[in-house]
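Read off the chains here:
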There are 2 protein chains.
Amino acid sequence: MSDLALKARELDSGDQLADKRAEFVLDEVVYLDGNSLGALPAAVPGRVEDVVRRQWGELRIRSWDESGWWTAPERIGDRIAPLVGAAAGQIVVGDSTSVNVFKALVGAVRIAGEGRDEILVDATTFPTDGYLAGSAARMTGRTLRPVLPAQVPDALSDRTAAVLLNHVDYRTGRLHDLPSLTAAVRAAGAVSVWDLCHSAGALPVGLDEHGVDLAVGCTYKYLNGGPGSPAYLYVRGGLQDRFDSPLPGWNSHAEPFGMRGDYEPATGAVRGRVGTPDILSMLALEAALDVWEGVSIEAVRAKSLSLTDFFLECVAEYVPEGRVESLTPARHEERGSQVALRCSDAGEVMRQLVERGVVGDFRRPDVLRFGFTPLYVGFADVERAARVLGEILG
Amino acid sequence: MSDLALKARELDSGDQLADKRAEFVLDEVVYLDGNSLGALPAAVPGRVEDVVRRQWGELRIRSWDESGWWTAPERIGDRIAPLVGAAAGQIVVGDSTSVNVFKALVGAVRIAGEGRDEILVDATTFPTDGYLAGSAARMTGRTLRPVLPAQVPDALSDRTAAVLLNHVDYRTGRLHDLPSLTAAVRAAGAVSVWDLCHSAGALPVGLDEHGVDLAVGCTYKYLNGGPGSPAYLYVRGGLQDRFDSPLPGWNSHAEPFGMRGDYEPATGAVRGRVGTPDILSMLALEAALDVWEGVSIEAVRAKSLSLTDFFLECVAEYVPEGRVESLTPARHEERGSQVALRCSDAGEVMRQLVERGVVGDFRRPDVLRFGFTPLYVGFADVERAARVLGEILG
């Protein structure tokens, strides 16, 4: 057994989250794509079957009350809340991330008020955020200005209405400094909107602690909610009464069954709802969140950093020098829960990795992306992934 | 056996859709709320289990390609198309009805062009359509003008940008004249948007034939897709290139995996997509659509009218005169697939009906709403429902 294999064994034996792996459906594949689609939590199939066969099949319409369907968006929001450092009553689940980016950004611009005519958006963002920010700007008569996250403090001015940032960059895995950027946005009198897709469930976010104004995130990456499971919207408690949604569907009405012609928004997180929630996907997510029972996000973060540290160590050992270049920051303070390696023939390399049982993600044109989900990835997985990569590139 | 019970037996024996009932999970309850939540098609639980356990659990990320997840929105749209009289390539499934109303109406206003500053909306609409129309008007700088559907022809002018109408009124069950209203809207140079929630799957719509411009609809009523299953958007082929979505998410991009900073819309129905589709709900819907195999929508319509005719006949016989008043038009040309009865103590009456195994819907303040899904409601059900209602009101 090689030194690194021995080290992996040692790290695995000291892993306090190791038992969590049994709560997922996994096989012999090393699955390092949980930051694209989280693995299936073992509790989900049974729950979904109950939702379909009993709640829908037998109770039918009665389930909107009796099975808690109607209140699922805010109930599940409260389950996500502690994972992102939010007190209850501020998160609502529903719609896609893209739709929530639109809600959040238009809401932010309206909170900022008429005098501010500029929206700043992370120039390196996952594209959909930029596209929706463009639409939000167009439809609110603001100007969209893409800037690098590091340039945000300098770009802020009394013209800035809202700033849309990613907590972790989807491509490089860089973790941006949410506390200081949020403080800078606030100091400029602007409204902050954070996209947590690549951080929620992988590291502490501290929404309340750091005074974030609005946030959105998906639930199918580190939260393992399943393919296309609904996203969520966070509106800070103190701003909820000023949140003026561009998608004021009947689910966000103060009296949704009053069937009133006039729109009166509900108070609280419910104001972020739109139409009828997709119950199957939503309740699958609810079951998926059971795996967080007894898990502290700090422990997850500690293991995540150990995993990525160890992966970088193994890559340095196994992969011929110069063959790959890490785009992921070496400093822990700047690293999410993934490692992105630039590699000239990344597409072909990932194809071979998958063929050999190591599943990561290929990001055009030349990036190998490996996501490390601390709840089910172990150190032996990490060693094997790097070793196979080394064999392919050797 | 009473005369009406005998007649029910006779009608059931001549029912060419009678076999379809076996394709649904039903029990001894008379379920007349399929226009709120359709019953569970028997094929769904097994399909959902496969999607969860094998496609997600085993194939994981590979399913986006290998299990056809990525193309599900347009593939399932093409399954719905023949039911609403649309050729393939014009319908895409995803998001809630409310979100699609926003997409469709903003898209319609943009197609209409700058010179037209008014949006007409059905004043009797299901509220969410009105709320979203209000937001669409506000965000495009147009004026929203609620009018009764019958007044639309007079209200149209060269100021009219778009008109949002319901094919069937959710409360009264009135069927509006889609062909003539669409023609009037077109003649005025405006863009038509139809909400098909209460007609799709219950009667012929003829989107292509009648030259409808845009349409939206839900899939959990007569299409039996399950609680909160995704809605759909129809954009007439000839208008697709001019459809300019207010929610230009990455799924609507010409090159979604190009991760390009600039937005270039896809051609075709795909342009109506937004974010990552909720696969569990979407593939449950796909399985639910299997029940339409070999069913003509004309046969469904014929049975629907027989069912509502017979229900009205039974109510007239069993319910003391003056105790209820039908809000649903007597003329077939004006009737959807439901019967709405005004009844002073409707809430309490519906509670008793449900207790006695007849499930309908109570619409505040005073409406008993009974939906008739021709694929699984029989004439004996109808007779029993009216008889129990008569006993309660007797």
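Before any of the text, the structure's been laid out above.
Values in this document were obtained by computation on a predicted structure and should not be read as measured data.

Parameters at a glance
Residues numbered from 1 in each chain as written. Chains lettered and ligands numbered in written order. Predicted model: local features only at pLDDT ≥ 70, side-chain atom pairs only at ≥ 80, totals over all residues. Heavy atoms only, no water. Helix = DSSP H or I, 4+ residues; strand = E, 2+ residues; numbered from the N terminus. Rg over C-alpha atoms; globule rule 2.2 N^0.38 Å. Buried < 20%, exposed > 50% of the residue type's maximum accessible area, 1.4 Å probe, protein only. Areas by Shrake-Rupley, 256 points an atom, 1.4 Å probe, with all protein chains shown as cover. Lys, Arg positive; Asp, Glu negative; His and termini not counted. Charge placed at Lys NZ, Arg CZ, Asp CG, Glu CD. Least-squares fit on C-alpha atoms with pLDDT ≥ 70 in both. Contact = heavy atoms within 4.5 Å. Pairing = 2+ DSSP bridges. Axes fitted to C-alpha atoms, helices over the stretch in contact; angles between N-to-C directions. Parallel < 35°, antiparallel > 145°, perpendicular 65-115°, else oblique. Nonpolar A, V, L, I, M, F, W, Y, C, P; charged D, E, K, R; others polar. Buried area = accessible area lost by both parts, 1.4 Å probe. Salt bridge = Lys/Arg side-chain N within 4 Å of Asp/Glu carboxyl O. Polar contact = N/O pair within 3.5 Å; in protein donor to acceptor, adjacent residues only side chain to side chain. Right-handed = clockwise from strand over helix to strand, strands pointing away.

Caption draft 1: Looking closely at the overall build of chain A. Helix and strand counts for chain A stand at twelve helices and 13 strands. The globule rule puts the C-alpha radius of gyration for 394 residues at 21 Å, and the 22 Å found for chain A is close to it. Projected onto the principal axes, the alpha-carbon positions of chain A cover approximately 70 × 55 × 35 Å. For chain A, the proportion of its 394 residues judged to be buried stands at 65%. With the model as given, the accessible surface of chain A reaches about 13,200 Å², and the carbon-plus-sulfur share is 49%. Considering chain A, the positive charge centre built from 40 side chains and the negative charge centre built from 55 side chains are found 3 Å apart.

Caption draft 2: The arrangement of the relation of the copies chain A and chain B in detail. When chain A is fitted to chain B, the best match, at an RMSD of 0.0 Å, comes from turning it 180 degrees and sliding it 0.0 Å along the axis. Here the copies are linked by what is in effect a two-fold axis. Looking at the interface residues of chain A, 100% of them are also at the interface in chain B, so both copies use one shared face.

Caption draft 3: Broad picture of the sheet that holds strand S5 (residues 160-166) of chain A. All names here are of chain A. Taken in spatial order, the seven strands of this open sheet run S2-S8-S7-S6-S5-S3-S4, and their pairing is mixed. Both edges of this open sheet fall to strand S2 (91-93) and strand S4 (143-147), since each of them pairs with a single strand only. Between one strand axis and the next, the sheet turns through 15 degrees on average, direction left out of account. Where S2 lies against strand S8 (residues 232-235), three bridges are found, and the strand directions are antiparallel. Counterpart to Val-93 in the pairing with S8 is Tyr-232. Lying on the sheet, helix H6 (residues 127-140) is in contact with strand S3 (118-122), S4, S5 and strand S6 (191-195); it crosses S4 at an angle near 155 degrees.

Caption draft 4: Quick look at the packing of helix H1 (residues 3-13) of chain A against helix H12 (residues 379-393) of chain A. All names here are of chain A. Relative to each other, H1 and H12 sit at 155 degrees, their axes nearing to 7 Å. The orientation of H1 relative to H12 falls into the category roughly antiparallel. Between H1 and H12, the contacting residues are Leu-4, Ala-5, Ala-8, Leu-11 and Asp-12 on the first element and Phe-379, Ala-380 and Glu-383 on the second. Split into classes, the residues belonging to the contact of H1 with H12 amount to six nonpolar, no polar and two charged.

Caption draft 5: Broad picture of the sheet that holds strand S2 (residues 91-93) of chain B. All names here are of chain B. Ordered by their spatial adjacency, seven strands build an open sheet running S2-S8-S7-S6-S5-S3-S4, and the pairing between neighbours is mixed. Every interior strand has two partners, whereas the edge strands, S2 and strand S4 (143-147), have only one. Ignoring strand direction, the axes of neighbouring strands in this sheet form an average angle of 15 degrees. By the bridge criterion, three bridges tie strand S6 (residues 191-195) to strand S7 (residues 214-217) in an arrangement that is parallel. If you follow Asp-195 over to S7, its bridge partner there is Val-216. Against the sheet, helix H6 (residues 127-140) engages strand S3 (118-122), S4, strand S5 (160-166) and S6, with an angle of about 155 degrees to S4. Here helix H8 (residues 178-187) sits on the sheet and contacts S5 and S6; the angle it forms with S6, its principal contact strand, is near 150 degrees.

Caption draft 6: Region of interest: the interface of chain A and chain B. Listed per partner, the contact involves 73 residues of chain A and 74 residues of chain B. A buried area of about 5,900 Å², summed over both sides, lies between chain A and chain B, and 66% of it is on carbon and sulfur atoms. In terms of surface lost to chain B, no three residues of chain A exceed Trp-56, Arg-60 and Tyr-131 of chain A, which account for 14% of the buried area on that side. Inspection of the region where chain A meets chain B yields four salt bridges. For Asp-27 of chain A, the salt bridge goes to Arg-60 of chain B, with nearest N and O atoms at 3.0 Å. Run the count over chain A and chain B and you get 19 residue pairs in polar contact (both at pLDDT 80 or more). Looking at the side of chain A that touches chain B, the elements with two or more residues in it are helix H2 (44-56), helix H5 (97-112), H6 and helix H9 (279-288) of chain A. Looking at which element gives the most residues to the side of chain A that touches chain B, the answer is H6 of chain A, with eight residues. Partitioned by chemical class, the residues of the side of chain A that touches chain B number 40 nonpolar, 19 polar and 14 charged.

Caption draft 7: Layout of the pairing of S3 of chain A. Residue and element names in this part refer to chain A. Most of S3 sits inside the fold, with five of its five residues counted as buried. Side chains Glu-118, Leu-120 and Asp-122 project from S3 onto one buried face, and the interleaved Ile-119 and Val-121 project onto a second face that is buried too. As paired strands, S3 and S4 are joined by five bridges and run parallel to one another. Bridge pairing in S4 links Ile-119 to Leu-144. Read from S3 through H6 to S4, the crossover connection turns out right-handed. Across four bridges, the pairing between S3 and S5 is parallel. When the sheet's bridge partners are listed, Leu-120 is paired in S5 with Val-163.

Caption draft 8: The arrangement of the side chain of Ser-199 of chain B in detail. All names here are of chain B. The residue Ser-199 is located in the loop between S6 and S7 in this model. Given a relative accessible area of 0%, Ser-199 falls into the buried group. A polar atom in the side chain of Ser-199 sits 2.8 Å from the side chain of His-167. The residues contacting Ser-199, other than those within four sequence positions of it, are His-167, Val-168 and Val-205.

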